[in-house]
Amino acid sequence: LQSFYALNNARQIPLLGLGVYLIEPGKATEDAVLWALQAGYRHIDTASIYRNEVSVGNAIRKSGIPRDQIFVTTKLADRDQGYHSALEACELSLEKLGLDYVDLYLIHSPRQGAERRTESWKALQKLVAQGKVKSIGVSNYGVQHLKELLGSNPTIRPVVNQIEVHPWRTHQEIVSFCESQHIAVQAYSPLSRGHKLQDPMLIKIGAKYSKSPAQILIRWSLQKGYIVLPKSSHQDRIEQNADVFDFDLADGDMSVLDSFNIGYVSG
Ligand code: A2P
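What you see is a predicted model; the values in this text were computed from it and never measured.

Draft legend 1. Structural context of the UniProt feature "binding site: substrate" (unreviewed entry) in the protein. Those places that UniProt annotates as "binding site: substrate" (unreviewed entry) correspond, in this numbering, to His-108. Tracing the sequence through the fold places His-108 in the loop between β6 (102-107) and α4 (114-129). Overall, His-108 belongs to the buried group, with 22 C-beta atoms counted inside 10 Å. Setting aside anything within four residues of it in sequence, one finds His-108 in contact with Ala-47, Ile-49, Lys-75, Leu-76, Ala-77, Asp-78 and Ser-139.

Draft legend 2. A look at the packing of helix α3 (residues 83-97) against α4. Here α3 crosses α4 at 45°, and the two axes come no closer than 8 Å. One element, α3, and the other, α4, form an angle in the oblique class. Taken as a pair, α3 and α4 cross one another with a handedness that is right-handed. Along its contact with α3, which presents Tyr-83, Ala-86, Leu-87 and Cys-90, the element α4 presents Glu-119, Ser-120, Lys-122, Ala-123, Leu-124, Lys-126 and Leu-127.

Draft legend 3. The site of the ligand, seen in detail. Neighbouring the ligand are 18 residues; Ser-189, Leu-191, Gly-194, Ala-214 and Ser-232 lie closest to it. Top element by residues in the shell around the ligand is helix α9 (residues 235-242). It accounts for 3 residues. A class-by-class count of the residues in the shell around the ligand yields 5 nonpolar, 10 polar and 3 charged.

Draft legend 4. Looking closely at the pairing of strand β9 (residues 184-188). Along β9, 5 of the 5 residues are buried, which leaves the element largely enclosed by surrounding structure. Covered by surrounding structure in β9 are Ala-184, Gln-186 and Tyr-188 together with Val-185 and Ala-187, the residues of both alternating faces. Taken together, the 5 bridges between strand β8 (residues 160-164) and β9 define a ladder with parallel strand orientation. Across the sheet, the residue bridging to Asn-161 is Val-185, located in β9. Of the crossover connections in this fold, the one passing from β8 over helix α6 (residues 172-180) to the parallel β9 is right-handed. Sheet analysis places β9 next to strand β10 (residues 227-229), joined by 3 bridges and oriented parallel. If you follow Ala-187 over to β10, its bridge partner there is Val-228.

Cut-offs used in this document
- Residues numbered from 1 in each chain as written.
- Predicted model: local features only at pLDDT ≥ 70, side-chain atom pairs only at ≥ 80, totals over all residues.
- UniProt positions renumbered as here; feature names shortened; annotations may be inferred.
- Helix = DSSP H or I, 4+ residues; strand = E, 2+ residues; numbered from the N terminus.
- Buried ≥ 20, exposed ≤ 12 C-beta atoms within 10 Å, placed from the backbone.
- Contact = placed C-beta atoms within 7 Å.
- Axes fitted to C-alpha atoms, helices over the stretch in contact; angles between N-to-C directions.
- Parallel < 35°, antiparallel > 145°, perpendicular 65-115°, else oblique.
- Left-handed = near helix turned anticlockwise from the far one by under 90°.
- Near = placed C-beta within 6 Å.
- Nonpolar A, V, L, I, M, F, W, Y, C, P; charged D, E, K, R; others polar.
- Pairing = 2+ DSSP bridges.
- Right-handed = clockwise from strand over helix to strand, strands pointing away.

Written out as structure tokens, the structure reads:
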């Protein structure tokens, strides 16, 4: 749980983070984040479009854990892409979170067209220079979007690409490209949003290690070398999802899980 990944800018990011996508703003988010921090998580992944940044910030303060020990990510919404709008959007996110900086700021998706993507990236670089953001990256980028960004010779290269990855959607082409460029892969929806937890083969592998299907999927992500962001709004599951550092999946079981790939999109 206290294991870290060294990003390409040498900053450390905890390997396991709580994703708060689809957790209601207010008590539900505050509770989930507090439970996670109490269980030892030190990495919270939110976004402007999740509408729960205020609650994430409240929980961080309530936890009493020093700010510099928690890794906080938020994301630039599509509607805010562009140079000035991105600067303003980040300011608003910081205000909502009640933080002076975020550890990681991501372009949430590439859907806004090349010009706005490029302008947004310039804004993110500016935010790093201003100290409002420690690291910058992208989310949902395909290989062509990554090539476009890297081809523009940015002053700062993206540290991560956050994508949906799990055994039913292995995204091998993007993952290989990211690895070749030292861009870390962050796996969102690592539990296939819960859709595939009843898979009989997965359950069988879980039984072998006395671990739940969710824990097997999180472990698969970690052994792939990804930074993994399981979401849950339940305390017992949040705790369970962090209990994944005391076992190793054998190569044969990793291969069985790899063979599940069908390009499944859970979102
Ligand atoms: P809940 O939030 O009600 O606990 P993903 O991270 O792939 O997006 O998956 C999130 C989904 O998986 C949510 O529906 C979440 O439900 C469920 N989930 C999270 N952790 C577990 C777990 N340990 N066991 C079963 N379901 C889980």
